[in-house]
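Architecture at a glance
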Amino acid sequence: MKKKFISILLTCLLLGGCQTESEDPGVIARVNGTPIYLTQLEYKYDLTHEGNGGFVPSVEQVRSEYGQILGDLIVQELVSQELEQRGISVSDKEMKEAEDEVRSDYPDDSFEQILIEEYIDINAWRSQLKYQLAMDKFYSDILRPEIKIDYKEAEQYYRTHLSDFYMPAGYRFVMVKGLSKDLVLKGVELFREGLKPAAISAKLRKVSVQEIWIRNGQLPAGWKPFVENLQIGEASSVITQKKEVFCLILKEKKKRPC
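Residues numbered from 1 in each chain as written. Predicted model: local features only at pLDDT ≥ 70, side-chain atom pairs only at ≥ 80, totals over all residues. Heavy atoms only, no water.

Hydrogen bonds along the backbone pair up the strands of a sheet, which may run parallel or antiparallel. An order of β4-β3-β6-β5 is seen for the 4 strands of this open sheet, with the pairing classed as antiparallel. Both edges of this open sheet fall to β4 (208-215) and β5 (239-241), since each of them pairs with a single strand only. Ignoring which end each strand starts from, the neighbouring axes of this sheet average 35 degrees apart. Note that strand β3 (residues 170-178) and strand β6 (residues 244-254) share 9 bridges and pair antiparallel. In the strand pairing of β6, Met-175 is matched with Leu-248. With respect to the sheet, helix α8 (residues 181-192) is in contact with β3, β4 and β6, its orientation differing from that of β6 by roughly 30 degrees. (Pairing = 2+ DSSP bridges. Helix = DSSP H or I, 4+ residues; strand = E, 2+ residues; numbered from the N terminus. Axes fitted to C-alpha atoms, helices over the stretch in contact; angles between N-to-C directions. Contact = heavy atoms within 4.5 Å.)

Okay, structure coming up:
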């Protein structure tokens, strides 16, 4: 019922846009001629809001969130096209290796069974996996090699903006967040094994990993019992607050300068 309502809302929003009569059904944008479909938007929206029960969003909220998702899809498609032009697009071999890595965490045919239970189309899942691999490749093969800064430039910038490099006392955590305790603990385990946040999210669809910095005096009161005695590299027990389930790994604890 909720999905039907959202589809109706989105249709109303799109009718107000610049879609022509000759446009293919289901196409909501084109990137250099390549279509982006409504089903892609719905898939990413469902991933974001899975587990929210019968919550029905407002028209303004749907407009805002679908706009953000559409922007992400456009960027992903532009990245994929750039890789293809350079002859380094994601290969079938890379796709198979990435999919096999995800499947290795599921015995027998349980991976397909989970997709069925979660109403996830395997082709939509593979499409999103390919986009993620493309983004990772764009960063590692194109952006990083092209970032060149002369050491004199860096030194001059540092001296000019010295105050910007002062790091106040506080804590740096890696936050592993998910929809259940078991998922969070599995995410922590994968992080300790050396997997990158994107790889963890690919393996565990409902888990996110991010690094956060919190100044002294700004640590949430509800976190203090879990983190005040943590050692560097140590993980807290699973914390449940409101609808959030997460774990904090202490990466750095910076004291006040002498």
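Once the structure has been displayed, the description carries forward.
Take the nonpolar core next. Judged by nonpolar contacts, the single largest core of 15 residues is most densely connected at Leu-83 and Trp-125. Looking at this core, the elements that each hand over two or more residues are α3 (59-85), α4 (92-103), α5 (110-117) and α6 (122-146). If one sorts the elements of this core by residue count, α6 sits on top with 5 residues. With 14 residues, the next largest nonpolar core counts Val-176, Val-184, Leu-190 and Val-245 among its residues. (Core = buried A, V, L, I, M, F, W, Y, C linked by side-chain atoms within 4.5 Å. Buried < 20%, exposed > 50% of the residue type's maximum accessible area, 1.4 Å probe, protein only.)

Glancing now at the pairing of β6. Where β5 and β6 come together, 3 bridges link them in antiparallel fashion. Paired with Thr-240 across the strands is Val-245, a residue of β6. Between β5 and the antiparallel strand that follows it, β6, lie 2 residues; Lys-242 among them carries a positive phi value of about 55 degrees.

Quick look at the pattern of salt bridges now. Within the structure shown, the criterion is met by 10 salt bridges. One salt bridge connects Arg-126 with Glu-99, and the closest N-O pair in it is separated by 2.9 Å. Taken together, the residues span a long stretch of sequence, with Arg-126 in helix α6 and Glu-99 in helix α4 at a distance of 27 residues. Its relative accessible area of 9% is what places Glu-99 among the buried residues. Among the salt bridges present, the one from Arg-103 reaches Glu-112, with a minimum N-O distance of 2.4 Å. Overlapping salt bridges bring together Glu-99, Arg-103, Glu-112 and Arg-126 as one network. (Salt bridge = Lys/Arg side-chain N within 4 Å of Asp/Glu carboxyl O.)

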